[in-house]
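Close look at the chain arrangement
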Amino acid sequence: MAESLLYLSRADVEAVDLPMTEIIEAVEGAFQEKAEGRTEMPPKPGIHPSTDGFIHAMPAYLSGIGGAGLKWVSAFPENRARDLPQITGLIVLNDAATGLPLAVMDCTWITATRTAAASAVAARYLARTDARSVGIIACGVQGRTHLEALACLFDLERVHAFDHRRSNTERYRAEMEAKLGLPITIVDRAEEAVRDLDLVVTSGPIRKAPQPVIEADWLAPGAFASAVDFDSYWTGAALAQVDVIATDDRAQMEYFGGLGYFKSTPAPHTELAALVSGAHPGRTDARQRTMTINLGLAIEDIVTAQRVVARARERGIGVELPL
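Residues numbered from 1 in each chain as written. Predicted model: local features only at pLDDT ≥ 70, side-chain atom pairs only at ≥ 80, totals over all residues. Heavy atoms only, no water.

1. Structural notes on the environment of Ala 227
- Of note, Ala 227 is situated in strand E12 (residues 224–227).
- Setting aside residues up to four positions removed in sequence, Ala 227 forms contacts with Thr 202, Trp 234, Met 291, Thr 292, Ile 293 and Asn 294. (Helix = DSSP H or I, 4+ residues; strand = E, 2+ residues; numbered from the N terminus. Contact = heavy atoms within 4.5 Å.)

Below, the structure written as structure tokens:
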């Protein structure tokens, strides 16, 4: 019987330095498990202490790889004004055979990277293979991880970055040019981070009553978009032009629709699991507008956390705590 569990702080998780390519591989494998019916993942129960702030419990079990655990995660957009992180929380991994806890870790880095990895998985099936340009709207954590993930799959040549705060965009350009070696152009309007670009990521705060700015015809024919902010940046007219909309889980999208989100969003045409398994063809024409609206699934957290823990044990990172 296990007598201890591994604790990984946020600094520990980041020190593990799990490559983005490996996270994309793990997340794609999780969706293959989902396609084959080897996952158990109830819709997220949660509490909502403020208008746009929530704390959700995200349990998941993947029988094919023996992954079991829970993420307890909060998202408070108003934390930006407090100079606090918007996303915080913990992940608990359990032994699927005994139920014993194996590890507890900070979820911030894992949430940031697995979210981008899921968008990259969608882009693999929905974006044009010759995509070379990216527009990033909102230059926060997700703007960073999404550019890194897309750069793993596409030979990027041009990046347009927009944020309501110019200082955020300048810091983003300096950090991401140094990290990826890509030229990044700061633009003054959201429209300039959408028009005539092959890949678009919107990653601002998730709002139940958003004030969307992306209009019809901004997203070019043949472009792919990842709406990390649910649909907060996208008008109904813009969404109506999208030829193929995917999501990571229809049931959870319907659940959030019942909470008041997605008022102007068409029903998705497919799920990521169907794309990965080949049950849905994905992009079938070079001029199709395509989009993924991923809500974030616990299976993504569990498979990423498993790899983080394995690598941490190999490198002697973390603290063993008694049960």
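This is not the end of the story, as more comes after the structure.
2. A word on helix H9 (residues 298–315)
- Taking 1.5 Å per residue as the helical rise, H9 with its 18 residues ought to reach 26 Å, and the 26 Å between its terminal C-alpha atoms agrees with that figure.
- Those residues of H9 lying buried are Ala 298, Ile 299, Glu 300, Asp 301, Ile 302, Val 303, Thr 304, Ala 305, Val 308, Val 309, Arg 311 and Ala 312.
- Phi turns positive one or two residues past the end of H9, at Gly 316, with a value near 70°. (Expected span 1.5 Å × (residues − 1). Buried < 20%, exposed > 50% of the residue type's maximum accessible area, 1.4 Å probe, protein only.)

3. Considerations on the pattern of salt bridges
- Per the stated rule, a full pass over the model turns up 22 salt bridges.
- The salt bridge partner of Arg 10 is Glu 14, with a shortest N-O separation of 3.2 Å. Taken together, the residues Arg 10 and Glu 14, both in helix H1 (residues 10–16) and four residues apart, mark about one turn of the helix.
- Judged by relative accessible area, which is 38%, Arg 10 ranks as partly exposed.
- Its salt-bridge partner being Asp 188, residue Arg 166 comes within 3.1 Å of it at the nearest N-O pair. Taken together, the residues span a long stretch of sequence, with Arg 166 in helix H5 (residues 166–180) and Asp 188 in the loop between strand E10 (184–186) and strand E11 (199–202) at a distance of 22 residues.
- Taken together, the shared-partner salt bridges connect Lys 71, Arg 114, Glu 300 and Asp 301 into one network. (Salt bridge = Lys/Arg side-chain N within 4 Å of Asp/Glu carboxyl O.)

4. Brief notes about the nonpolar core
- Formed by 68 residues in total, the largest nonpolar core has its most connected members in Leu 8, Met 105, Leu 147 and Leu 199.
- The element contributing the most residues to this core is helix H3 (residues 108–126), with 10 residues.
- In this view, Leu 199 contacts Ala 127, Ala 131, Ser 133, Val 134, Gly 135, Leu 150, Phe 154, Leu 156 and Phe 224; residues no more than four positions away in its chain are not counted.
- Formed by 29 residues, the second largest nonpolar core is a distinct cluster that contains Leu 197, Ala 220, Phe 256 and Ile 293. (Core = buried A, V, L, I, M, F, W, Y, C linked by side-chain atoms within 4.5 Å.)

5. Let's talk about the packing of aromatic side chains
- One pass over the full model with this rule turns up five aromatic pairs.
- Members of the aromatic cluster, joined through ring pairs, are Phe 230, Tyr 255, Phe 256, Tyr 261 and Phe 262. (Phe/Tyr/Trp six-rings, centres within 6.5 Å; stacked < 30°, edge-to-face > 60°.)

6. Observations concerning H5
- Taking 1.5 Å as the rise per residue, H5 with 15 residues should run 21 Å; its terminal C-alpha atoms sit 21 Å apart, in good agreement.
- Contact partners of the buried residues in H5: strand E8 (133–137), helix H4 (141–153), strand E9 (158–162) and E10.
- At the C-terminal side of H5, Gly 181 shows a positive phi close to 70°.

7. A few points about the state of the cysteines
- The tally for this structure, following the rule as stated, stands at zero disulfides.
- Note on Cys 139: no disulfide assigned, nearest cysteine sulfur contributed by Cys 152 at a separation of 19 Å.
- When its relative accessible area of 33% is taken as the criterion, Cys 152 is described as partly exposed. (Disulfide = S-S within 2.5 Å.)

8. Description of the pairing of strand E13 (residues 244–247)
- Side-chain alternation along E13 places Val 244 and Ala 246 on one buried face and Ile 245 and Thr 247 on a second face that is also buried.
- What joins E13 to strand E14 (residues 270–271) is helix H7 (residues 250–258), and the crossover it makes is right-handed. (Right-handed = clockwise from strand over helix to strand, strands pointing away.)

9. Regarding unusual backbone geometry
- A positive phi angle is found at Ala 138, which is not glycine, with a value near 90°.
- Mapped onto the secondary structure, Ala 138 falls in the loop between E8 and H4.
- Residue Asp 196 is not a glycine yet carries a positive backbone phi of 60°.
- Mapped onto the fold, Asp 196 is located in the loop between E10 and E11.
- The exposure class assigned to Asp 196 is exposed, which follows from its relative accessible area of 60%.

10. Quick look at the side chain of Glu 33
- Note that Glu 33 resides in helix H2 (residues 20–35).
- The buried category is assigned to Glu 33, whose relative accessible area is 9%.
- Within the local environment of Glu 33, its side chain forms a polar contact with the side chain of Arg 38, the two groups lying 2.6 Å apart.
- Dropping the residues within four chain positions of it, Glu 33 is found in contact with Arg 38, Thr 39, Leu 62, Ser 63, Gly 64 and Ile 65. (Polar contact = N/O pair within 3.5 Å; in protein donor to acceptor, adjacent residues only side chain to side chain.)

11. Some thoughts on the environment of Asn 168
- Turning to its location among the elements, Asn 168 is positioned in helix H5.
- Residue class for Asn 168 comes out buried when judged on its relative accessible area of 12%.
- Put simply, Asn 168 and Gly 140 are 28 residues apart on the chain and 7.4 Å apart in space, counted from C-alpha to C-alpha.
- Not counting residues within four places of it along the chain, the set of residues in contact with Asn 168 comprises Arg 80, Cys 139 and Asp 163.

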